[in-house]
Amino acid sequence: MGAPHTVTLALTGASGMPYGLRLLECLLAAERRVWLLYSPAAQIVAKQECDLAIPAQPREAARVFAERFRARDGQLAVFGREDWMAPVASGSNPADAMVVCPCTMGTLGAIAHGLADNLIERAADVMLKERRPLVLVPRETPLSAIHLDNMLKLVHAGATIVPPAPGFYARPRSVEDLVDFVVARVLDQLKVAHNLGPRWGKERSDPGAIPGGRA
Ligand SMILES: Cc1cc2nc3c(=O)[nH]c(=O)nc-3n(C[C@H](O)[C@H](O)[C@H](O)COP(=O)(O)O)c2cc1C
């Protein structure tokens, strides 16, 4: 797979909304087209963790996100929970890749069992059946046997699980560094180039190692 042109990003109501928002920012900065979905629980978590009010109306949400992350015209589209006319609902017009970040155990379980009961679950189901990249960033602790079973089922079905588990070997100095570590691993999965932090072994071979840091 080359770098995906269009990425579906779903925000669900797990802790870790800073990961999802930073990922959205990076995808737009990398000139990807983004189709954004969010659950009602994601709206609650966004308010709690980031003091961000995501409007209930997709059109209004698109305006808020486009303004916040300076998206170009046509670069960002937001679809409602039951907008079955959205392109992501069908295998005839899927995105090149999809990420659920952060991903709740509820949404993860629903995807693992093919429920397709809302647009997020359906879009993920489409990615699996069309054998396109589906990356999940699930957050819960501790994990039950049900959670672990569902994750294994998803990996067997072709999904990639990227737990938000930042490494400390790059000596993070801020919460933003920890967030970027996780977002970098997701972008790596999507083959989207980035400079979110140094890569292991890079300093020794390349004195001009990529510095970390935010725009
Ligand atoms: C502040 C907050 C944090 C939450 N954190 C998690 C979490 O880390 N993991 C999880 O699976 N559910 C978490 N939940 C519960 C989910 O939001 C809840 O199960 C919801 O029904 C999930 O719906 P969704 O999958 O459609 O977003 C949290 C809820 C709130 C309000």
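Thresholds applied
Residues numbered from 1 in each chain as written. Predicted model: local features only at pLDDT ≥ 70, side-chain atom pairs only at ≥ 80, totals over all residues. Heavy atoms only, no water. Salt bridge = Lys/Arg side-chain N within 4 Å of Asp/Glu carboxyl O. Helix = DSSP H or I, 4+ residues; strand = E, 2+ residues; numbered from the N terminus. Buried < 20%, exposed > 50% of the residue type's maximum accessible area, 1.4 Å probe, protein only. Core = buried A, V, L, I, M, F, W, Y, C linked by side-chain atoms within 4.5 Å. Phe/Tyr/Trp six-rings, centres within 6.5 Å; stacked < 30°, edge-to-face > 60°. Pairing = 2+ DSSP bridges. Contact = heavy atoms within 4.5 Å. Axes fitted to C-alpha atoms, helices over the stretch in contact; angles between N-to-C directions.

> In this structure, what is going on with the pattern of salt bridges? I would like to understand it.
Working definition: two side chains of opposite charge can pair if their charged atoms are close together. Taken as a whole and judged by the stated rule, the model has 11 salt bridges. R132 is the salt-bridge partner of D96, the closest N and O atoms lying 3.9 Å from each other. Of this pair, D96 sits in the loop between β3 (76-78) and β4 (97-103) while R132 sits in the loop between α5 (119-129) and β5 (134-138); the two residues are 36 residues apart in sequence, bridging distant segments of the chain. On the basis of relative accessible area, R132 is assigned to the partly exposed category, the value being 30%. Each of R22, E25 and D180 takes part in salt bridges that share partners, so that together they form one network.

> Would you take a moment to explain the nonpolar core for this structure?
A general trend in soluble globular proteins is that nonpolar side chains are found buried together. With 42 residues, the main nonpolar core has L11, F65 and V99 as its most contacted residues. In terms of residues, this core owes the most to one element, helix α1 (residues 17-29), which gives 8 residues. Counting 27 residues, the second-largest nonpolar core is a separate cluster that includes W35, M98, C103 and L128.

> Honestly, the packing of aromatic side chains in this entry has me stumped. Any pointers?
What describes a pair of aromatic rings is the distance from one ring centre to the other and the angle between the planes of the rings. All told, the structure shown has 4 aromatic pairs when counted by the stated rule. Taking 6.3 Å as the distance between ring centres and 80° as the angle between the ring planes, the aromatic pair formed by W35 and F79 counts as edge-to-face. Of this pair, W35 sits in strand β2 (residues 33-38) while F79 sits in the loop between β3 and β4; the two residues are 44 residues apart in sequence, bridging distant segments of the chain. Using a relative accessible area of 5% as the deciding quantity, one classes W35 as buried. For F79, a relative accessible area of 14% corresponds to the buried category. Ring geometry for Y169 against W200: centres 5.6 Å apart, planes inclined by 75°, an arrangement best described as edge-to-face.

> Please clarify how the sheet that holds β3 should be interpreted in this entry.
Sheets are built from strands paired through backbone hydrogen bonds, the pairs being either parallel or antiparallel. Ordered in space as β3-β2-β1-β4-β5-β6, the 6 strands form an open sheet in which the pairing is parallel. Two strands lie at the open edges of the sheet, namely β3 and β6 (160-161), each paired on one side alone. Bridging between strand β1 (residues 6-11) and β4 involves 4 bridges; their strand directions are parallel. Of the residues in β4, the one forming a bridge with V7 is A97. Of the strands in this sheet, β1, β2, β3 and β4 touch α1, which is tilted by about 160° from β1.

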